[in-house]
Amino acid sequence: MTTVHGLACRIDNRSLRVTIGRVLAQIRQRRPSDYRRLKARLRRFRYLPQSAVAQGLGGQARKLGKPPVRPKRLLSLAESAEFHRTVEAWPYLCPYEVLLPRSLASEPTWLQCATIAHELGHVALRRIDEIRRSTVDDRWFTYEWTLELVADWYAYGWGFGRDIRRHGPRRDVQHHFIAPGSELTFQSGGRFRLTRRFVFRRITQPRRPPTDPWLTV
Ligand SMILES: [Zn+2]
C-alpha cells in the first residue's frame, strides 16, 4: 500500500499522489494544528467510484463508520448527557476518507490543488467553524452552504485561494462557491455579500422568502 504523509493512498497515478503530498506539506507549513487534525482524522485517499462521477461529483470527503448508537437500556441522566455529547461531537471527531476522480490526474496542477484542498477543508471541520459561518438567514442558505463555505475558508487559509478562485467558474454556485468579496443576488430579491472570512452579510432586505432557489453572482 502506498502512503502519502503516512496516510494510506490508493491513488495509483504518480502525479496526483505528488500533488496530494504537496498540498499536505503546504498545510503543515501554514497551519500545523490543521495538519495534525487532518492526520488524525484521515484514513485514506482513493478514487471516486464511476457512479459518483456520473452524478457530477468532482471529489468527496466521506465520513467513515457510524455515529454512536444509544445503548438499549435505561440510561442515567449523566449517561444520557454523555451520550448526547458524543453524538454531537461525532462529525468533528469521526474518521474520513477523501475520494478524487481518476480524471483529475490529467488536469493541470492548480485544479488538482483546488480540488484536494477543498476536500481536505471538509475534513478539517470544527464546530466553531460551522457556528461562525452559520447562515445569515436559513430561508436562503442551507446547511450545505455552510459546509462548503467552511471547506473553502480552510483552502484559502492554507494558501490555495488563487486555485479555488480559478476553479470557481467551473463550480456549481447553487451549492458551492462564490469568491469572498463577491455578491449573490437571488431572483426573488435579497442581496448578500460574502466577506473575506467567508460569512454572508445581507446587503438588501429580501422582499419575500425565496420561491425559486436560482441565484446569480
Ligand atoms: Zn465541498
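Predicted, not measured: the structure shown is a model, and the values here were computed from it. (Residues numbered from 1 in each chain as written. Predicted model: local features only at pLDDT ≥ 70, side-chain atom pairs only at ≥ 80, totals over all residues.)

When you look at the nonpolar core in this model, what are you seeing that I'm missing?
It is characteristic of soluble globular proteins that their nonpolar side chains tend to be buried jointly. Core analysis: the largest hydrophobic core is formed by 43 residues, its most contacted members being V98, L100, A117, L120 and V123. Secondary-structure elements contributing two or more residues to this core are α1 (14–30), α2 (32–41), β3 (42–47), β5 (96–100), α5 (109–123), α7 (143–167) and β7 (191–194). Of all the elements, α7 adds the most residues to this core, at 11 residues. Discounting chain neighbours no more than four positions away, the residues touching A117 are V23, A155, W158, F160 and D163. (Core = buried A, V, L, I, M, F, W, Y, C linked by C-beta atoms within 7 Å. Buried ≥ 20, exposed ≤ 12 C-beta atoms within 10 Å, placed from the backbone. Helix = DSSP H or I, 4+ residues; strand = E, 2+ residues; numbered from the N terminus. Contact = placed C-beta atoms within 7 Å.)

Mind showing me how you'd approach unusual backbone geometry here?
Where the residue is not glycine, phi is negative for most of them; where a peptide bond is considered, it is trans in most cases. Unlike most non-glycine residues, H5 shows phi in positive territory, near 50°. Along the chain, the position of H5 falls in the loop between β1 (2–4) and β2 (7–9). When the 16 C-beta atoms within 10 Å are taken as the criterion, H5 is described as partly exposed. Here the phi dihedral of F198 falls at roughly 60°; this positive angle occurs in a residue that is not glycine. Mapped onto the elements of the fold, F198 is located in the loop between β7 and β8 (200–204).

For this particular structure, what's the right way to read α2?
Count 3.6 residues to each turn of an α-helix, and residues three or four apart come out pointing the same way. Within α2, the full set of buried residues consists of Y35, L38 and R41. Summarising the axial view, the buried residues of α2 lie within an arc of 135°, below the 170-degree limit, and thus occupy one face. Exposed residues pointing more than 90 degrees away from the buried face of α2 are listed as P32, S33, R36 and A40. At its buried positions, α2 is contacted by α1, β3, β5 and α5. (Arc of directions from axis to C-beta.)

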